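A look at the structure
Take a look at the letters that make up each chain.
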2 protein chains.
Amino acid sequence: MQQQAQLGILGGMGPLATVDFLGKLTRLTPATCDQDHLAWVTVSQPGIPDRSAAIKAGTDGPGPFLTKGVAWLAAQGTKLIAIPCNTSHFWFDQMQAASSVPILHIADATIEELQLSQAPIGAIAILATRGTVQAGIYSKRLLANGFDLAEITEDEQTDVDQIIKDVKGGQVGPARDTMRVLLQALVGRGVKTAILGCTELPIAHIVRAGDPHSGVQAIDTSLALATVSLRRLGYL
Amino acid sequence: MQQQAQLGILGGMGPLATVDFLGKLTRLTPATCDQDHLAWVTVSQPGIPDRSAAIKAGTDGPGPFLTKGVAWLAAQGTKLIAIPCNTSHFWFDQMQAASSVPILHIADATIEELQLSQAPIGAIAILATRGTVQAGIYSKRLLANGFDLAEITEDEQTDVDQIIKDVKGGQVGPARDTMRVLLQALVGRGVKTAILGCTELPIAHIVRAGDPHSGVQAIDTSLALATVSLRRLGYL
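Since the model is a prediction, treat every value here as computed from it, not as a measurement. Numbering of residues starts from 1 in every chain and runs along the sequence as written. Lettering for chains starts from A, numbering for ligands starts from 1, and both go in the order in which the items are written. Under the rules for a predicted model, residues below a pLDDT of 70 receive no local features and side-chain atom pairs below 80 are neither given nor counted, while totals for whole chains, interfaces and linings still include all residues. To get the side-chain values, all heavy atoms of the structure are used, and hydrogens and water are removed first.

A few points about the relation of the copies chain A and chain B
Expressed as a screw operation, the relation of chain A to chain B combines 0.0 Å of axial shift with a rotation of 180°, fitting to an RMSD of 0.0 Å. Here the copies are linked by what is in effect a two-fold axis. If distances are taken from each C-alpha of chain A to the rotation axis, the shortest is found for A:Thr42, at 2.6 Å. When you check the interface residues of chain A against chain B, 100% turn up at the interface there too, and the contact is symmetric in its surfaces. To line up the copies, we fit them by least squares on C-alpha atoms, keeping just the residues with pLDDT of at least 70 in both. Note on definitions: a residue-residue contact is assigned when non-hydrogen atoms from the two residues lie within 4.5 Å.

Below, the structure written as structure tokens:
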């Protein structure tokens, strides 16, 4: 490469979530021409075995993909690595050990953004894969930072699973419908803040100001990862 | 990398056009889960000097960036290279000579798609940078394939320049307004087909069926590049 890539992105988990992240990264960059933008390298590895299923089963299928992916990105001379997939952060320590370059933890980026929020927060609902929930990727960090957690019912978790599956399968319309029902349920029991703790979820989250379910402040973890990546690299 | 990347993408020209291309590539792939998708590697090199200005001035600023970019992508073991930037194809022969992997020429992909079109074509308007027009990137291939060309006036070319500049500067709204005016002018003189021969242009092309300027069939070169890339790699 002639121009050194600053940010390395390990993508494909899922493919559309990676594109969504790259779009946010691009749109967030203050730029008036091509040359103002950040140079990056992204490798999309959609064949990485299902992360949530591996956590549930206690197997390590994704491990070698993830560690080799970040090691490869670090070897390209990048300064920072971002992984727009929440569940894969179960392997964060293993990945960081394999990478000579710092990896920005998506939950750290999210909490950095949450701490800047001007809206009332209250107890936070974590919307994520069962793997992310089981591993406590968000809950541990939120509690350590003094936030309260809202419970997620089994019905709500089933809705989350369905939204993620639909987005991965290209069924964005049905995913948006389910998201509406889910947020409505959260509003109904007074939840003010929800973390979209899976990078498929923001793709299904199109809410207008007047919608009945607009009362929940949704924290977009993909947007947080893009924002904090740009901040760390001096673009914001 | 654990999973071999099939497609190498040289991006950043511009950054938003690269993301647009990756989105099309992802949405076009018949897939019901992550693992059905294509593995790819993209390097975004937004610092590559302005291609159109270099062609106009007869300088070779972009050359080393482009040849090193494709050589690097080929060295990653990719099977095919795609470059979602029309103007950079001025350096196509130089790039192909530097790459051990075939590069899919965006104009070849576009003509492949144009030949499949069911709509009446007529004389084709080429909407592109002055560099692409001057280099004859589309005109030579279209004439060689038996298509007729429509003339573009200086006012229309000025509109095209403005749309591209606005999209690169993140001003998508004004770019869409100018696109509307431009297409209306083409409709007015009976043009039925326009090639969006710069990857910024499809981003400004949002036309509803009932719009007065919907009479022009716009051929999206970024979509053509994504479609033919997937076809070559056996995904379509």
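Focus on the nonpolar core
For this analysis, a nonpolar core means a set of buried residues of the types Ala, Val, Leu, Ile, Met, Phe, Trp, Tyr and Cys, connected via side-chain atoms within 4.5 Å. Residue burial is assigned from relative accessible area. The probe radius is 1.4 Å, only protein chains are included, and a residue is buried under 20% of its type maximum, exposed over 50%, and partly exposed in between. Of all hydrophobic cores here, the largest spans 65 residues; its most connected members are A:Leu7, A:Leu22, A:Leu25, A:Leu142, B:Leu22, B:Leu25 and B:Leu142. With residues up to four places along the chain from it excluded, the contact list for A:Leu22 reads A:Ile9, A:Trp40, A:Thr42, B:Val19, B:Leu22 and B:Trp40. Ranked by size, the runner-up nonpolar core spans 44 residues in total, among them A:Met95, B:Leu10, B:Leu66 and B:Met95.

Concerning the pattern of salt bridges
Whenever a carboxyl oxygen of Asp or Glu lies within 4 Å of a side-chain nitrogen of Lys or Arg, that contact is scored as a salt bridge. According to the stated counting rule, one finds 28 salt bridges over all chains in the structure shown. For A:Arg180, the salt bridge goes to A:Asp177, with nearest N and O atoms at 3.2 Å. With A:Arg180 and A:Asp177 both in helix H9 (residues 172-188) and three residues apart, the pair spans about one turn of that helix. Look at A:Arg180 and you get partly exposed, because its relative accessible area is 37%. In this structure, B:Asp220 and B:Lys24 form a salt bridge, with 2.7 Å as the shortest nitrogen-oxygen distance. Within this pair, whereas B:Asp220 is found in strand E8 (residues 217-220), its partner B:Lys24 is found in helix H1 (residues 15-28), the two being separated by 196 residues in sequence. An identical accessibility class is assigned to B:Asp220 and B:Lys24; each is buried. Each member of the salt-bridge network shares a partner with another, and the members are A:Asp34, B:Arg51, B:Lys168 and B:Glu200. The helix and strand labels rest on DSSP assignments: H or I over at least four residues marks a helix, E over at least two residues marks a strand, and numbering proceeds from the N terminus.

Considering the packing of helix H1 (residues 15-28) of chain A against H1(B)
Where H1(A) meets H1(B), the closest approach of the two axes is 9 Å, and the angle between their N-to-C directions is 165°. The orientation of H1(A) relative to H1(B) falls into the category roughly antiparallel. Two packed elements cross with a definite hand, and for H1(A) against H1(B) that hand is left-handed. Between H1(A), through A:Pro15, A:Leu16, A:Val19, A:Leu22, A:Gly23, A:Thr26 and A:Arg27, and H1(B), the contact on the second element is made entirely by B:Pro15, B:Leu16, B:Val19, B:Leu22, B:Gly23, B:Thr26 and B:Arg27. Charged residues are taken to be Asp, Glu, Lys and Arg, nonpolar residues to be Ala, Val, Leu, Ile, Met, Phe, Trp, Tyr, Cys and Pro, and polar residues to be all remaining types, Gly included. Classifying every residue of the contact of H1(A) with H1(B) by side-chain character gives eight nonpolar, four polar and two charged. In this analysis an axis means a line fitted to C-alpha atoms, helices contributing only their contacting stretch, and an angle means the value between N-to-C directions, from 0 to 180 degrees. When describing relative orientation, an angle under 35 degrees is termed roughly parallel and one over 145 degrees roughly antiparallel, while 65 to 115 degrees is termed roughly perpendicular and anything else oblique. Handedness of each helix crossing follows the sense of rotation of the near helix against the far helix: counterclockwise by less than a right angle gives left-handed, clockwise gives right-handed.

Some remarks on H9(A)
All names here are of chain A. Relative to the 24 Å expected for 17 residues at 1.5 Å per residue, H9 spans 24 Å between its end C-alpha atoms, a close match to the ideal helical length. Within H9, the full set of buried residues consists of Val-172, Ala-175, Thr-178, Met-179, Leu-182, Leu-183 and Leu-186. Down the axis, H9 shows its buried residues gathered within 140° of arc, on one side only. Projecting away from the buried face of H9 at angles above 90 degrees are the exposed residues Val-181 and Gly-188. Lining the buried residues of H9 we find H1, strand E5 (124-127), helix H8 (154-168) and strand E6 (193-196). A helix is expected to span 1.5 Å multiplied by its residue count minus one. Each C-beta atom gives one direction from the helix axis, and the arc is the one those directions make.

Regarding the pairing of E5(A)
All names here are of chain A. Side-chain alternation along E5 places Ile-124 and Ile-126 on one buried face and Ala-125 and Leu-127 on a second face that is also buried. Should DSSP find at least two bridges between two strands, the strands are regarded as paired. Note that E5 and E6 share four bridges and pair parallel. Each bridged residue has a counterpart across the sheet, and for Ile-124 the counterpart in E6 is Thr-193.

Considerations on the domain arrangement of chain A
The extent of an interface is frequently quoted as the accessible surface area lost upon association of the parts. Residue and element names in this part refer to chain A. Segmentation of chain A into domains returns domain 1 (7-105 + 224-232) and domain 2 (108-221). Two parts placed together each lose some accessible area; with a 1.4 Å probe, that loss summed over both constitutes the buried area. A buried area of about 1,900 Å², summed over both sides, lies between domain 1 and domain 2, and 52% of it is on carbon and sulfur atoms. It is Asn-86, His-105 and Ala-224 in domain 1 that bury the most area against domain 2; as a group they hold 33% of the surface buried on that side. On inspection of domain 1 and its partner domain 2, the count reaches four salt bridges. In this structure, Arg-231 and Glu-113 form a salt bridge, with 2.9 Å as the shortest nitrogen-oxygen distance. Residues adjacent in sequence count toward polar contacts only when both atoms are side-chain atoms; beyond that, a polar contact is any pair of N or O atoms within 3.5 Å, and within protein one must be able to donate a hydrogen and the other to accept it. Joining domain 1 to domain 2, the criterion identifies 18 residue pairs in polar contact (both at pLDDT 80 or more). Contributions of two or more residues to the side of domain 1 that touches domain 2 are made by H1, helix H2 (51-57) and helix H10 (221-232). Grouping the amino acids of the side of domain 1 that touches domain 2 by side-chain chemistry returns 11 nonpolar, seven polar and six charged. What fixes the domain bounds is an automatic or database domain assignment.

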